[in-house]
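# Structural overview
Take a look at the letters that make up each chain.
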Amino acid sequence: MEQEDVKHWADQIAEEVIARVENDPKLKKLVEKNGYFVYDEKTPSGTIHIGSGRGWVIHDAIAKALRDKGVEARFVLSSDDMDPLDKPSKELSAEDNIRYMGVPFRYIPSPYPGFSSFGDYFFRQVTDVFPQFGIQAELESTGEEYEKGTFNKTIKIALDNADKIQKIYSDLYGDEVAAATKLPFNVKCPQCNRIATTVALEWDSKKEAIYFECRDDVVKWAKGCGHKAWISPYNGNGKFPWKVEWAAKWPSKGVIVETAGKDHFTKGGSRTIACRIAVDVFDYPPPYPSVGYATGPGYEFFTVGGKKMSTSKGQGVGFAESVKFAPAPMLRYMLVRSRPNSVIDFQAYGTNDLILLYERYDTAEKIYFGKEDLGEKENIKQKRIYELSQVGKIPKRMPPQVSLVHAATLVQIFSDFDGCIDSLKESGHIYADATKEEIGYVKDRLAFAKHWVEEFADENYKFTVQQKLQDVVLTESQKSSLRLLAERLKKGKWTEQTLFEEFYKICRDEVKIDPKDFFKAAYLVILNKEKGPKLAPFLITLRQRAISLLEQV
Ligand SMILES: [Zn+2]
């Protein structure tokens, strides 16, 4: 058996990263001190899209895979809250949009109470749901890191080597690009707090001070206050431009792994610049997946909701909102089982995507607990996907499995979840000695199934059990077959299999009716519809209600 074939992508990456560190004395020393530092960052400029969530699950899985290899690793996510507001936010009043345009997000008040800033509000909207996704991340504020002086050393190096950075820009973009002549630092004006309106004109390396002016002509969308002064660039008095900042963070924090969406990895894009600056200016090997100047691949797009969402809203689903389309553990599983370079467009409306997702998850779980065997190779693969998909601890025994379709059937039959649970206990889906956690697990499924039926499911999966027989037209043989069915249901205990066999006995041996007509008649009487859930288990669950309807024929 080829080991490489079955290895999970997170394990492959972990091995590659460990080998890289072992072969680089500088990185090895760093890792001995800091452990494997897996890093990601996000600007809290508004609602954060589910696409970024893919990155967090990827980084989390890599950190876990590294720890499983016995090394120390942690995943840190930083809020890039020193970035300024650069377009009006619908969360701010017209007045505040003017007042705070060009001001870093950490210095703009939160639009809602309970958060320290605008940046804190939007960052927390996503990080607060991390536990649901099983994302173990230490959270940081890039602004706070600036204030703490984490970047002081790289700020000095960048300013002392401004010509090198300018040359990288002109090499890649031509001399006319603004960054090819500017100092690579943006001062935060101490008078008006704006960072987008300042221009740094001179760097005095000896005094470690930078001369800046806060002006009207720096950007079109924000006005400066006219302040000009010499100021220290350290301890939060300003920030790097984004692409330089990306490169500076790597040596400042000791980053070993940091990937990003593929839009950052285009030829000549931000990752290209950052890699060049990291190597040429900071003498630091860019983190995985980059090697030297070579950026490597970013991860692919991830969209959730489907066409209906994108047309009605004009944009994709937010990360926090995504749990309305699939439970967080299922979304995590979907991201863990897919290689980062595969596009995922998850369609919830009117498709079987959710049914399939649950089925695949349950199959992986059965394999993990040794209750299904797909061959050695596939078993190894599925077990690892299951492990890395887990949000909490892996339970000691297999959780009770109820398919989405079955759960959806139950919630349409019973008025409450307790009725569903009783029925599942009777049908053997739930262990007789089920724990509170196991019951809770099933209730979560029932809750999502209810939501699925109401929001997403195809008409085929929706039904209402009739209170009394509706005005349906049936042939004599349909009627007699249903009367026989009612009799049989009344006596004796049926299993799915024995009842199914009984259907054919009635149709073939007793009434001589085409089974198709028999099934159609049963659904018409019970649901006033020509189709419905699989008949045998459905009748077993309905029992008395089915019998009384069938007897009215
Ligand atoms: Zn100013």
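Residues numbered from 1 in each chain as written. Predicted model: local features only at pLDDT ≥ 70, side-chain atom pairs only at ≥ 80, totals over all residues. Heavy atoms only, no water.

### Overview of the coordination of the zinc ion
Ideal values for angles at a metal depend on the geometry: 109.5 degrees with four tetrahedral donors, 90 or 180 degrees with six octahedral donors. Spelled out, the test is: Water is not part of the atom set, so a site may look incomplete; the donors themselves are N, O and S atoms within 2.8 Å of the metal, or 3.2 Å for Na, K and Ca. Only four donors with every angle between 85 and 135 degrees are called tetrahedral; only four or six donors with opposite donors over 155 degrees apart and all others between 65 and 115 are called square planar or octahedral, in that order; all others are irregular. Strands are runs of DSSP state E lasting at least two residues, helices are runs of H or I lasting at least four, and both sets are numbered from the N terminus onward.
Within the first shell, the zinc ion binds the protein through Cys189 (SG), Cys192 (SG), Cys214 (SG) and Cys225 (SG), at distances of 2.2 to 2.3 Å. Metal-centred angles of 103 to 115° between the four donor atoms at the zinc ion mark the site as tetrahedral. Between the donor residues of the zinc ion, the gaps in sequence give the motif C-x2-C-x21-C-x10-C. Here cysteine 189, found in the loop between strand E4 (186-187) and strand E5 (198-204), pairs with cysteine 225, found in the loop between strand E6 (209-214) and strand E7 (228-231); they are 36 residues apart in sequence, far enough to count as distant.

### Observations concerning the pattern of salt bridges
In plain terms, the rule: Salt bridge, as applied in this entry: a Lys or Arg side-chain nitrogen positioned within 4 Å of an Asp or Glu carboxyl oxygen. A simple rule labels every residue: compare its accessible area, found with a 1.4 Å probe on the protein chains alone, to the largest value its type can have, and call it buried under 20%, exposed over 50%, or partly exposed in between.
Scanning all chains against the criterion turns up 46 salt bridges. Between arginine 74 and glutamate 138 there is a salt bridge, with its nearest N and O atoms 2.6 Å apart. With arginine 74 in strand E2 (residues 73-79) and glutamate 138 in strand E3 (residues 138-141), this residue pair connects regions lying 64 residues apart in the sequence. Of the residues examined, arginine 74 reaches a relative accessible area of 31% and is grouped as partly exposed. Judged by relative accessible area, which is 37%, glutamate 138 ranks as partly exposed. The shortest N-O distance in the salt bridge between glutamate 496 and lysine 534 comes to 3.4 Å. With glutamate 496 in helix H21 (residues 496-511) and lysine 534 in the loop between helix H22 (515-527) and helix H23 (535-542), this pair connects stretches of sequence that are 38 residues apart. Residue classification places glutamate 496 among the partly exposed residues on the basis of a relative accessible area of 40%.

### Points about the nonpolar core
Under the convention used in this document: To qualify as a nonpolar core, a set must consist of buried Ala, Val, Leu, Ile, Met, Phe, Trp, Tyr and Cys residues joined through side-chain atoms within 4.5 Å. What fixes the domain bounds is an automatic or database domain assignment. When checking whether two residues touch, look at their non-hydrogen atoms; a contact exists if any pair is within 4.5 Å.
Residues Leu354 and Trp452 are the most contacted members of the largest nonpolar core, which totals 124 residues. In this structure, this core is formed jointly by two domains, domain 1 (153-239) and domain 2 (404-459), each of which donates at least three residues. When sequence neighbours within four positions are dropped, the list of residues in contact with leucine 354 reads Phe325, Ala326, Phe346, Ala348, Leu404, Phe448, Trp452 and Phe456. The next biggest cluster of nonpolar side chains, apart from the first, holds 35 residues, and it includes Leu482, Leu485, Ala522 and Leu535.

### Some remarks on the domain arrangement of the protein
Quick reminder of the rule: The term buried area means the drop in 1.4 Å probe accessible area that two parts suffer when joined, counted for both and summed.
By the assigned domains, the protein splits into domain 1 (153-239), domain 2 (404-459) and domain 3 (476-551). Placing a centre on the C-alpha atoms of domain 2 and another on those of domain 3 gives a separation of 23 Å. Ranking the residues of domain 2 by area buried against domain 3 places Thr409, Ile413 and Glu426 at the top, with a combined share of 67%. For the pair domain 2 and domain 3, the interface holds one salt bridge. Where glutamate 426 meets arginine 543, a salt bridge forms, and the shortest distance between an N and an O atom there is 3.2 Å. Elements with a minimum of two residues in the side of domain 2 that touches domain 3: helix H17 (404-413) and helix H18 (417-426). The greatest single-element share of the side of domain 2 that touches domain 3, amounting to three residues, is contributed by H17.

### Quick word on the pairing of strand E1 (residues 36-42)
Two faces belong to every sheet, and in a regular strand the side chains alternate between them. Where we set the bar: Any two strands between which DSSP finds at least two bridges are classified as paired.
Counting buried positions along E1 yields six of seven residues, so the element is predominantly enclosed. Examined bridge by bridge, E1 and E2 share seven bridges and lie parallel to one another. Across the sheet, phenylalanine 37 pairs through a bridge with arginine 74, a residue of E2.

### A look at the packing of aromatic side chains
Condition: Whether two aromatic rings pair depends on their centres lying within 6.5 Å, for rings of Phe, Tyr and Trp, where Trp uses its six-membered ring; planes under 30 degrees apart make the pair stacked, over 60 edge-to-face, and the rest tilted. Distance and angle both matter: a charge sits over a ring if NZ of Lys or CZ of Arg is within 6 Å of the ring centre and within 35 degrees of the ring normal.
Tallying each qualifying case throughout the model produces 34 aromatic pairs. Relative to tyrosine 39, the ring of phenylalanine 37 has its centre 5.9 Å away and its plane inclined at 25°; by these criteria the two rings are stacked. Relative accessible area serves as the criterion here: at 2%, phenylalanine 37 is assigned to the buried category. The buried category is assigned to tyrosine 39, whose relative accessible area is 1%. One aromatic cluster is present, formed by Phe105, Tyr112, Phe115, Phe118, Tyr121 and Phe122 through successive ring pairs. Above the face of the tyrosine 107 ring, arginine 106 is positioned so that its terminal group lies 5.5 Å from the ring centre. Looking at lysine 188, its charged tip hangs above the ring of tyrosine 107, at a distance of 4.5 Å from the centre.

### A look at the packing of helix H4 (residues 50-68) against helix H14 (residues 328-337)
Short version of the rule: Orientation is described by lines fitted to C-alpha atoms, with helices fitted over the stretch in contact, and by angles between N-to-C directions that extend from 0 to 180 degrees. Should an angle fall under 35 degrees it is taken as roughly parallel, and over 145 as roughly antiparallel, whereas 65 to 115 is taken as roughly perpendicular and any remaining angle as oblique. Note on convention: near helix rotated counterclockwise from far helix by under a right angle means a left-handed crossing. Clockwise means right-handed. In the scheme used here, Gly and all other residues not listed as nonpolar or charged are polar, with Ala, Val, Leu, Ile, Met, Phe, Trp, Tyr, Cys and Pro taken as nonpolar and Asp, Glu, Lys and Arg as charged.
It is the contact of H4 with H14, at a shortest axis distance of 10 Å, that shows an interaxial angle of 70°. Considering their axes alone, H4 and H14 lie roughly perpendicular with respect to each other. In this structure, H4 meets H14 at a crossing whose hand is right-handed. Here Gly53, Arg54, Val57, Asp60 and Lys64 of H4 lie close against H14, whose contacting residues are Arg332, Leu335 and Val336. Split into classes, the residues belonging to the contact of H4 with H14 amount to three nonpolar, one polar and four charged.

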